[in-house]
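Here's the letter readout for the chains.
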Amino acid sequence: MFKTILLPTDGSELSNKAMYAAFEIAKISGAKVIALSVAEPYPFAPLAEVAITAEGAIYDDSMKKLAQHNVQTVIDAASRANVPCESLTAQSYHPYAEIIDAATKFNCDVIVMASHGRKGLNKLFAGSETQKVLTHSTIPVLVFR
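Definitions and limits used
- Residues numbered from 1 in each chain as written.
- Predicted model: local features only at pLDDT ≥ 70, side-chain atom pairs only at ≥ 80, totals over all residues.
- Heavy atoms only, no water.
- Helix = DSSP H or I, 4+ residues; strand = E, 2+ residues; numbered from the N terminus.
- Buried < 20%, exposed > 50% of the residue type's maximum accessible area, 1.4 Å probe, protein only.
- Core = buried A, V, L, I, M, F, W, Y, C linked by side-chain atoms within 4.5 Å.
- Phe/Tyr/Trp six-rings, centres within 6.5 Å; stacked < 30°, edge-to-face > 60°.

### Description of the side chain of Ser115
Looking at where Ser115 falls in the secondary structure, it is placed in the loop between strand S4 (110-114) and helix H4 (120-126). Of the residues examined, Ser115 reaches a relative accessible area of 11% and is grouped as buried.

As structure tokens, this is what we get:
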């Protein structure tokens, strides 16, 4: 059925729910899991460029470490579940694009991910990375809420 499953993770409890589902799918179909965590860079503020340089570097470093921690959590859980797993991290202002690119790069058959279910103005302003993945993906996307 599936050979390669992309599992984007942000380390949240809901992402962990998607992770365990991806493992079950992988076991049933003999697939491997590709864990991806995307670190969003410090928001650019051109008027305060000098003031945020050090803060931005600290933020970026922290987000990269968090992304690495998130994929390591998946790798460790996959090992305990006897599921083959690879991982990667990326840094981008557009996580959905990194998800789509990784699915293409690794020839994934399905994307298994969480949606945090933002509503109202929060969804309007924050956007939904899951919705963007659903819009741009050419392969099936299984969403957990």
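Still more to cover.
### A closer look at the nonpolar core
With 22 residues, the main nonpolar core has Ile5, Leu7, Phe23, Val33, Val83 and Val112 as its most contacted residues. No other element matches the seven residues that helix H1 (residues 13-29) contributes to this core. Core analysis: the next-biggest nonpolar cluster, separate from the first, contains 14 residues, Val38, Leu88, Ile100 and Met113 among them.

### Comments concerning the packing of aromatic side chains
Geometrically, a pair of aromatic rings is defined through the distance of the ring centres and the angle of the planes. Throughout the structure, instances matching the rule amount to two aromatic pairs. Ring geometry for Tyr20 against Phe23: centres 6.1 Å apart, planes inclined by 85°, an arrangement best described as edge-to-face. In this pair, Tyr20 and Phe23 are both assigned in helix H1, three residues apart and thus about one turn of the helix distant. Measuring from centroid to centroid gives 5.3 Å for Tyr42 and Tyr59, while their planes differ by 75°, and the two rings are edge-to-face. Within this pair, whereas Tyr42 is found in the loop between strand S2 (32-39) and helix H2 (49-80), its partner Tyr59 is found in helix H2, the two being separated by 17 residues in sequence. Residue classification places Tyr42 among the buried positions, given a relative accessible area of 19%.

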